[in-house]
Amino acid sequence: MTENDFLPGDYQNLPEQGKVTWKAPSNIALVKYWGKRPVQMPANPSISFTLDACATTTSVSFEKKNTKDGFSFDLFFEGKPKDDFKPKIQTFLERIEMYLPFLKEYHFTIGTSNSFPHSSGIASSASGMAALSMCLMDIEKQLNPKLDDSLFFVKASYLARLGSGSACRSTKGNLVQWGAHQNIPNSSDLYGIEYPFEINPVFKSYCDTILLVHKGQKQVSSTVGHQLMHGHPYAENRFEQAFSNLDRLKPILADGNLEEFIELVESEALTLHAMMMTSMPYFMLMKPDTLEIINKIWEYREATKTPVCFTLDAGANVHLLYPEADKEKVQDFIKNELAEHCQNGQYIHDQVGLGAIKING
Ligand code: PMV
């Protein structure tokens, strides 16, 4: 599909008012997206587990207005007005206006809340932009009831990407791939697709415990981090590596080869952070406790032969990944050994999930 496929058809209805609510999960990349071209096009393909418990729920109420000049919206986060989010939403609406021309016909009241603690360092932009995109597509569907279901989800992912790149991997589950790759049919830089190859059952219920190492503001935003891949001395090799890691992952995901899965996923996480440390200016998002946790995971894996591994996103928190079959003992290990490295002892148990859902009422 190309950009033109997302231009709208004719609207049959323009309801006076209405309200829609969607819940969209966060996701954690196994092969990382780091580096982009305008507008929100990835420098390399990526793949992620869609999560379940860590999610954003967004309601959009819409009411017909008299003028069509400019966007009109109010924004509430956890019930309170949130004006500092407004510029990001304004930019998002400007980017997607040509695909949703009804946006200037209505006044919108957007209410959003996260299932995870505020400023936990968990990227809420992925779940937030995915939930908002689902709501906007739901409104488009009311205007054009003929819109078919598969286009509905693909376009939602397309819009979410324009809000925050990795958000395009949060509309569907359980493994979503984003970025054109010659060996992955229907893969696209424009939107995420459900992973089209065999997935071993072990990965369909994989667990992810997010260890909240540092909850403060990040020292460098991911927007800046992506930009620093331009002119980065190792960028081209890194991008090639991501392409080949997606090829390597195919038999691993089919066979459930956890040893190779662990090696690939941990190498991806450390490579992401190596890119940060070798950019100019250089920066580091890991904290001493991030490293303490990684070392304890390695020791535990060596001693018990339990297939736990870690991954990282653009922050200090550690995602601990393990099969559901090992849940009990790994969660004991977390409580007894890793919680002490988390800020206020906080962590969140999550699991692979199925993607965005509509909330009725
Ligand atoms: O979607 P962004 O621009 O916040 O970038 C996300 C980048 C990583 O989380 C570090 C990797 C990824 O693929 O999710």
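Scroll up to find the structure.
The paragraphs below set out a description of the structure included in this document.

So, how was this worked out
Residues numbered from 1 in each chain as written. Predicted model: local features only at pLDDT ≥ 70, side-chain atom pairs only at ≥ 80, totals over all residues. Heavy atoms only, no water. Helix = DSSP H or I, 4+ residues; strand = E, 2+ residues; numbered from the N terminus. Rg over C-alpha atoms; globule rule 2.2 N^0.38 Å. Buried < 20%, exposed > 50% of the residue type's maximum accessible area, 1.4 Å probe, protein only. Contact = heavy atoms within 4.5 Å.

## A closer look at the overall build of the chain
- Helix and strand counts for the chain stand at nine helices and 14 strands.
- Relative to the compact-globule value of 21 Å for 361 residues, the chain shows a C-alpha radius of gyration of 20 Å, a close match.
- With respect to the principal axes defined by its C-alpha atoms, the chain has extents near 65 × 45 × 40 Å.
- Taking all 361 residues of the chain together, 55% fall into the buried category.
- Considering only residue pairs separated by 6 or more positions, the chain has 77% of its internal contacts joining residues 24 or more positions apart.

## Section: the environment of L103
- Secondary-structure assignment places L103 in the loop between α1 (86-96) and β7 (106-114).
- On the accessibility criterion, L103 (0% relative accessible area) is buried.
- Spatially, the C-alpha atoms of L103 and I348 are 36 Å apart, while their sequence positions differ by 245 residues.

## A word on the environment of M98
- Relative to the elements of secondary structure, M98 occurs in the loop between α1 and β7.
- A relative accessible area of 52% places M98 in the exposed class.
- Counting along the chain gives 92 residues from M98 to F6, while the straight-line C-alpha distance between them is 9.1 Å.
- Residues contacting M98, with those up to four places away along its chain left out, are L7 and P8.

## A few points about unusual backbone geometry
- Geometrically, the link from G173 to N174 is a cis peptide bond, its omega value of -25 degrees lying close to zero.
- On the secondary structure map, N174 appears in the loop between α3 (149-163) and β8 (175-178).
- For Q40, which is not glycine, the phi torsion reads 60 degrees and is therefore positive.
- Along the chain, Q40 turns up in the loop between β2 (36-37) and β3 (41-42).
- Taking relative accessible area as the criterion, Q40 reaches 6% and is therefore assigned buried.
- Look at N186: it is not a glycine, yet its phi comes out positive at around 65 degrees.
- Turning to its location among the elements, N186 is positioned in the loop between β8 and β9 (192-194).

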